[in-house]
Amino acid sequence: MTSLAQFFLNPTIAAIGGVLVLAPIIIHLINRVRYRRVKFAAMEFLLEAQQRNRRRLLMEQLLLLLLRILIVLALAALLGRLVLDARLSVFSGNGKAHHLVLLDDSASMQTRVGNTTAFEDAKKVIRQLVEEGSRRPGTQQFSMILLSELDALYIAQQDVDENLLSDLEDKLDSLECSFQRLDIEEGIEIAGQKLKSDRAIIKHLHVLSDFRSNDWQGDPSLGKAVQSLSDDGVTVNLIRASGESSPNLGIVQLDADVQAAAVGVPVRFSIGVQNYGNQVAEDVRLSLSVDGEKLPLAVAFDKIEAGETITQVKDITFQEGGLHRIRVDIASDSLSVDNDRFLTINVPLQNNVLIVSNDINGEAEDVLRFALAPDPALTGISPRVESVDFLRTNPLSSFRSIYILDHDKEPPENGTPITLPPDAIEQLEAYVRDGGGLVWAKGMNADADIFNAIVGKWEKNNEGKWERDGESLFPVPLADSRSVLTHDDPTSTSPDLLLEPHAISENIADSESQMLNDVRVDQYIPVAEDWEPSDDVRLDGVTTIGRLKNGAPVLFEHQFGRGRVVTLLTSAGPPWTNLAERLAFLPLIQQIQKFVAKPDEILRQREIGTPIRLDFPALDYDQKIDFLLPGSGEGRAVEYDMKRVSPEPTEEEAEESSDEPDPNADRFVAEYLATNTPGIYGYRARPRLPNLPKDGAFAYNVSRQEGHTSIASTEELRKTIGETDNVFVREYGETDYISQGVDPGREMRNYLLYLLIGLLIIEQTLAYRFSYHPETGAKR
């Protein structure tokens, strides 16, 4: 029966039909049984006539017998449901078709459809595919890949039979949808590679997905991946696991202004909700929790238009320092995975700011210190004033920002220009590169040539133009001497300082603000004359924020590593400006501080699936570390043994020293990969000294893209994949193709029906033609 199963959907009926072929043969033989011959005179004439027509009669009888055999065979093939394909390897070596299922298990597949989900419906289709194939054992092979695990087959290539069906039931029952955003194009390409390497001649790829518009609409590379499979002879079934778009609200933003975060200081949080549906959502309410405790804080939206994203700002004051876990959630809807969003924030007791000054009288640092912390209880900032030597011998990582004030006082008695020593510059570079913030306020005691070369790393090229030797802490080359801003026109109403739109100048430089009108600038340090002043021309990452009324640029910002640098080419206070005496000074300094401040801990918000990688000095920490899983608090932890690694010396270090590597430089490295569900993942290290940091946390959230529940129409899919004969779009709930289109060949039902009718007509016509019909009504 197995041999017949590769040709018939109902091999038992086909076998019975094969036996019934004997019926017309037996009837024919019975009709040829010879009776006892009795001779009489009239028969002689008849026998003589029969002898003359014997050959013709035999051919007629055999032709009728053949037609009747064919009728029985066609009827048996029709009832047994014959399938046939010219590619069947029965004629060339291997008669099994290979069916490979690519199951989309991205987060959007958790969208509810009635009482089930798109993912559960997709699993039902897989069961039907294998169940149908198991009725014809020995004819098909089955494989399955999860979009979240493309590096391995979830079900390796196996024969489709009852054993596979039983194993599949167990695997599908335990299979859960992921929370990740996955690449359907990559999945199709990898599935295609596996099919191309397979020796089976008949190959089917079944893609089960929700086919969202943001994945499929207008993506030519995805269409090319599907067409490539079709061109290689692979039949592709795009099977919908979801029928129509569902309304969905998702939390897409939970951010905090951590630069100014401190105990007792309000921290501003931004909470955003997007309406992914096509209808207005009304009376949307969110709940906000900190460290597991729900806050009595109303976060509500009267209505959110279709496709609209609305953000609301809330202030939260933390009374305790350290790590805090924040969660925002919304009422459940068709897709629940984006109804929560998580954030971790490390709140320090206070924000330390370092002010480095050469001002002998201390006037400049006093006004700056007041602007940074007019009330330390409100700003959380604790300024500290030190000399340049402090930069050379002290760690800087504890400071949120560093201000370097170099005011225009008389040179020292020995006449040596004041500049930053190289070791202080190295300390500053390392600090800013690691995320620290630096602010220059130049009154310029330093020699411009020395400052440009050492701090700014500026030099002139062969064409006489200024160039930087790599990135540097100073954004522009300086002229040799100061300049004076003239105030000759008493009728001029233009302020001395003009600010461009920027985060630093927010609410200070707008048209309605009068804060800059009374600001007076008498002297400043000009940039070098042949330096290109246009940001759009230079394209060096330096942004000009402020200019004087004569057009001279005096306020800049640029990035250095992970940190930010703000540069003011005049004094922040007297004697060059009256800025410290004006209303604009305090908000301007606060905005600069907010812009450059190094957070104690970067917002550790990550997308599901991103590994956690940590490293610790091996000299200071134990080799074991605990990872705390979402929702577990201090209870459920995974102990992990970190790997010990030794840093490889650079080529310069290797040339300078032939000594053995310093074991004190070794580090312990930990990597945790199982970040597959949203929530807070914590870690707890084991330091050997009491003052070392020991714990931290990361917030993992579902990708914002997964909230899009709009489904691509068949027309949109066809536009993406093109008109290809071997690619079929199977609508949601469609099941006929499972028994008709997934067999190792093409079902011949219609052809057999037409053949049977034709055979019956021919048989009846010939039977009538070959039989004897005496004339009726003849006269005697």
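Worth saying up front: this structure is predicted, and the values here are computed from it rather than measured.

Cut-offs applied
- Residues numbered from 1 in each chain as written.
- Predicted model: local features only at pLDDT ≥ 70, side-chain atom pairs only at ≥ 80, totals over all residues.
- Heavy atoms only, no water.
- Helix = DSSP H or I, 4+ residues; strand = E, 2+ residues; numbered from the N terminus.
- Buried < 20%, exposed > 50% of the residue type's maximum accessible area, 1.4 Å probe, protein only.
- Contact = heavy atoms within 4.5 Å.
- Areas by Shrake-Rupley, 256 points an atom, 1.4 Å probe, with all protein chains shown as cover.
- Pairing = 2+ DSSP bridges.
- Salt bridge = Lys/Arg side-chain N within 4 Å of Asp/Glu carboxyl O.
- Polar contact = N/O pair within 3.5 Å; in protein donor to acceptor, adjacent residues only side chain to side chain.
- pLDDT = per-residue confidence, 0-100.
- Axes fitted to C-alpha atoms, helices over the stretch in contact; angles between N-to-C directions.
- Parallel < 35°, antiparallel > 145°, perpendicular 65-115°, else oblique.
- Left-handed = near helix turned anticlockwise from the far one by under 90°.
- Nonpolar A, V, L, I, M, F, W, Y, C, P; charged D, E, K, R; others polar.
- Expected span 1.5 Å × (residues − 1).
- Arc of directions from axis to C-beta.
- Phe/Tyr/Trp six-rings, centres within 6.5 Å; stacked < 30°, edge-to-face > 60°.
- Core = buried A, V, L, I, M, F, W, Y, C linked by side-chain atoms within 4.5 Å.

## What to know about the overall build of the chain
Then step 1. Along its length, the chain carries 20 helices and 38 strands.
Then step 2. For the chain, buried positions account for 46% of its 780 residues.
Then step 3. Taking the contacts inside the chain whose residues are at least 6 apart along the sequence as the reference set, 75% of them involve residues at least 24 apart.
Then step 4. Surface summary for the chain: the accessible area is close to 40500 Å², and the carbon and sulfur share equals 50%.

## Some remarks on the pairing of strand β15 (residues 322-330)
Within a regular beta strand, the side chains point alternately toward one face of the sheet and then the other, so they alternate between its two faces.
Then step 1. Pairing analysis gives five bridges linking strand β11 (residues 281-290) to β15, with the strands arranged antiparallel. What sits directly across from L288, in β15, is V328.

## Notes on the pattern of salt bridges
Then step 1. Scanning the entire structure with this criterion turns up 36 salt bridges.
Then step 2. Two residues, D173 and R127, come together in a salt bridge whose shortest N-O distance is 2.9 Å. With D173 in helix α6 (residues 162-174) and R127 in helix α5 (residues 118-134), this pair connects stretches of sequence that are 46 residues apart.
Then step 3. Notably, a salt bridge pairs D496 with K549, separated by 3.5 Å at the nearest N-O pair.

## Quick word on the side chain of S213
Then step 1. Locating S213 in the fold gives a position in helix α8 (residues 213-216).
Then step 2. Within the structure, S213 has its side chain in polar contact with the backbone nitrogen of A712 (distance 3.3 Å).
Then step 3. Setting aside residues up to four positions removed in sequence, S213 forms contacts with S710, I711, A712 and E716.

## Topic: the confidence of the model for the chain
Then step 1. Mean pLDDT over the chain works out to 82, with 82% of the residues at or above the 70 mark.
Then step 2. For the stretch residues 86-94, pLDDT sits under 50, and the model shows 14 contacts to residues farther than four places along the chain or on other chains.
Then step 3. Segment residues 741-745: pLDDT under 50, and 22 contacts once partners within four positions in sequence are set aside and those in other chains are kept.

## Quick word on the sheet that holds strand β5 (residues 140-146)
Then step 1. The six strands are arranged β6-β5-β2-β7-β8-β37 in an open sheet whose pairing can be described as mixed. The open sheet terminates on both sides in strands that have one partner only, identified here as β6 (155-159) and β37 (727-730). For this sheet the average axis-to-axis angle between neighbouring strands, irrespective of direction, equals 15°.
Then step 2. Looking at chain direction, strand β2 (residues 97-103) and strand β7 (residues 203-209) are connected through six bridges and run parallel. Within the sheet, the bridge partner assigned to H99 lies in β7 and is H204.

## Some points on the packing of helix α7 (residues 184-196) against helix α9 (residues 220-231)
Then step 1. It is at 9 Å that the axes of α7 and α9 come closest, and there the two elements cross at 15°. Taken together, α7 and α9 sit at an angle that is classed as roughly parallel. Crossing angle aside, the handedness with which α7 passes α9 is left-handed. Across the interface between the two elements, I184, E185, I188, E189, G192 and K196 from α7 touch S221, L222, A225, V226, S228 and L229 from α9.
Then step 2. In terms of residue class, the contact of α7 with α9 is made up of six nonpolar, three polar and three charged.

## So, the pairing of strand β9 (residues 249-256)
Then step 1. Burial of β9 is extensive: six of the eight residues sit out of reach of the surface.
Then step 2. The pairing of β9 with strand β10 (residues 267-275) spans seven bridges and is classified as antiparallel. Within β10, the residue paired with D255 across the bridge is S270.

## A short note on helix α13 (residues 422-433)
Then step 1. Between the first and last C-alpha of α13 there are 16 Å, a value that for twelve residues agrees with the 16 Å anticipated at 1.5 Å per step.
Then step 2. Turning to α13, its buried residues number three or more, namely A424, I425, L428, E429, Y431 and V432. An end-on view of α13 places all buried positions within 165° of arc, on one side of the element. Projecting away from the buried face of α13 at angles above 90 degrees are the exposed residues P422 and E426.
Then step 3. Considering only its buried residues, α13 is in contact with α12 (389-393), β19 (399-406), β20 (437-442), α14 (448-454), β27 (553-560) and β28 (563-568).
Then step 4. Positive phi appears at G435, one or two residues downstream of α13, with a value of about 115°.

## Describing the sheet that holds strand β17 (residues 351-357)
Then step 1. Spatially, β18-β17-β19-β20-β28-β27-β26-β24 is the arrangement adopted by the eight strands of the open sheet, whose pairing is mixed. Single-partner strands in this sheet number two, and they are β18 (381-386) and β24 (497-499). Along the sheet, successive strands turn relative to each other by an average axial angle of 15°, direction set aside.
Then step 2. As judged from the six bridges shared by β17 and β18, these two strands associate in the parallel manner. Along β18, the bridge assignment pairs N351 with I381.
Then step 3. Contacts between helix α10 (residues 363-372) and the sheet are confined to β17, β18 and β19, with β17 contributing the most and set at about 165° to the helix.
Then step 4. Most of the contacts of helix α16 (residues 585-596) go to β19, to which it runs at about 125°, and overall it touches β17, β18, β19, β20, β24, β27 and β28.

## Examining the packing of aromatic side chains
Then step 1. The final tally for this structure, using the stated rule, is 13 aromatic pairs.
Then step 2. On the numbers, 6.3 Å between centres and 55° between planes, the contact of F269 with F318 is tilted. Taken together, the positions of F269 in strand β10 and F318 in the loop between β14 (309-316) and β15 put the pair 49 residues apart, joining distant regions of the chain. One exposure class covers both F269 and F318, and it is buried.
Then step 3. Ring centres of W440 and F451 lie 5.6 Å apart, and the angle between their planes is 85°; on these two criteria the pair is classed as edge-to-face. Taken as a pair, W440 in strand β20 and F451 in helix α14 lie far apart in primary sequence, eleven residues in all.
Then step 4. Overall, W440 belongs to the buried group, its relative accessible area being 1%.
Then step 5. A relative accessible area of 2% places F451 in the buried class.

## Details of the nonpolar core
Then step 1. Formed by 72 residues in total, the largest nonpolar core has its most connected members in I402 and W440.
Then step 2. Considering each element in turn, this core owes the most residues, six residues, to α16.
Then step 3. Not counting residues within four places of it along the chain, the set of residues in contact with W440 comprises I404, L420, F451, V455, L473, F474, V565, V566, T567 and L568.
Then step 4. Among the nonpolar cores identified, the runner-up in size contains 27 residues, and L182, I184, I188 and F211 belong to it.

## Focus on the packing of α5 against α6
Two numbers describe a pair of packed helices, the interaxial angle and the distance between the axes.
Then step 1. With their axes 9 Å apart at the nearest point, α5 and α6 run at an angle of 170° to one another. Between α5 and α6, the angle falls in the class roughly antiparallel. Contacts between α5 and α6 involve K123, I126, R127, V130, E131 and S134 from the former and E162, L164, L165, L168, E169, L172 and D173 from the latter.
Then step 2. Class assignment of the residues belonging to the contact of α5 with α6 gives a composition of six nonpolar, one polar and six charged.

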